[in-house]
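Results of the structural survey
The lines below spell out each chain.
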Amino acid sequence: VLCGIARFWADRVHYSKSKNKYMIHGVTGPNEYENNVNNNWYTNTMATWCLEYFIETSKKVSKNKLDEHNVSSSELDHMQEIVDNMYFPYDKERNIFVQHD
């Protein structure tokens, strides 16, 4: 299940060349009042957390188990790249993360 969730998030992001970051567009955040927003801070945080958790868990299971689920080192590297380069909306003037773009 964890592998499937991580793959979902890795597939759900897209790379923005202009910001040099991974982003998630078209989501409804946890408050459910704002629909179809881009880069909801909480959603991006949870996606990153899920990817990190899967990467860490993959280090604790056997190679046979990873092979059984076709998890490659390049897939894990790509997930780590997403974690390291996720975009989080930030207001420099106020020095705070904002809810979404």
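Read on for a plain summary of the structure. (Residues numbered from 1 in each chain as written. Predicted model: local features only at pLDDT ≥ 70, side-chain atom pairs only at ≥ 80, totals over all residues. Heavy atoms only, no water.)

To continue, consider the nonpolar core. By size, the foremost hydrophobic cluster in this structure holds 21 residues, and its most contacted members are Ile24, Leu51, Phe54, Met79, Ile82 and Met86. Taken together, the elements giving at least two residues each to this core come down to helix H1 (2–12), helix H2 (41–58) and helix H4 (73–84). When residues of this core are assigned to their parent elements, the largest contribution, 5 residues, is made by H2. Once residues within four sequence positions are removed from consideration, Leu51 is found in contact with Ala6, Trp9, Ala10, Met79, Ile82 and Val83. (Core = buried A, V, L, I, M, F, W, Y, C linked by side-chain atoms within 4.5 Å. Buried < 20%, exposed > 50% of the residue type's maximum accessible area, 1.4 Å probe, protein only. Helix = DSSP H or I, 4+ residues; strand = E, 2+ residues; numbered from the N terminus. Contact = heavy atoms within 4.5 Å.)

Together, Trp41, Tyr42, Met46, Trp49, Tyr53, Tyr90 and Phe97 give the surface a local cluster of nonpolar side chains, amounting to about 730 Å² of exposed area. Mapped onto the elements, Tyr53 comes out in helix H2. (Patch = residues over 30% accessible without salt bridge, like charges linked within 9 Å, V, L, I, M, F, W, Y side chains within 5 Å. Areas by Shrake-Rupley, 256 points an atom, 1.4 Å probe, with all protein chains shown as cover. Salt bridge = Lys/Arg side-chain N within 4 Å of Asp/Glu carboxyl O.)

Our next topic: the packing of aromatic side chains. For any pair of aromatic rings, the description rests on two quantities: the centre-to-centre distance and the angle between the ring planes. One pass over the structure, following the stated rule, counts 7 aromatic pairs. Ring plane angle 55° and centroid distance 6.4 Å describe the contact between Trp41 and Phe88, whose orientation is recorded as tilted. Of this pair, Trp41 sits in helix H2 while Phe88 is found in the loop between H4 and strand E3 (90–91), placing the two residues 47 residues apart along the sequence. Since its relative accessible area comes to 31%, Trp41 is described here as partly exposed. Seen from their ring centres, Trp49 and Tyr53 are 5.2 Å apart, and the 5° between their planes marks the pair as stacked. Here Tyr53 and Trp49 lie together in helix H2, a separation of 4 residues that amounts to about one turn. Judged by its relative accessible area of 46%, Trp49 falls in the partly exposed class. (Phe/Tyr/Trp six-rings, centres within 6.5 Å; stacked < 30°, edge-to-face > 60°.)

Further remarks concern H2. One turn of an α-helix holds 3.6 residues; hence residues three or four places apart share an orientation. For H2, with 18 residues, the first-to-last C-alpha span of 26 Å sits near the 26 Å given by 1.5 Å per residue. Among the residues of H2, Thr43, Asn44, Ala47, Thr48, Cys50, Leu51, Phe54, Ile55 and Ser58 are the ones counted as buried. All buried residues of H2 fall inside an arc of 155° around its axis, so they share one side. Turning to H2, the residues buried within the fold contact H1, helix H3 (63–68) and H4. (Expected span 1.5 Å × (residues − 1). Arc of directions from axis to C-beta.)

This brings us to H1. Among all positions of H1, only Cys3, Ala6, Trp9 and Ala10 are buried. Along the long axis of H1, the arc covered by the buried residues comes to 130°, so they all point the same way. As for H1, its buried residues are in contact with H2 and H4.

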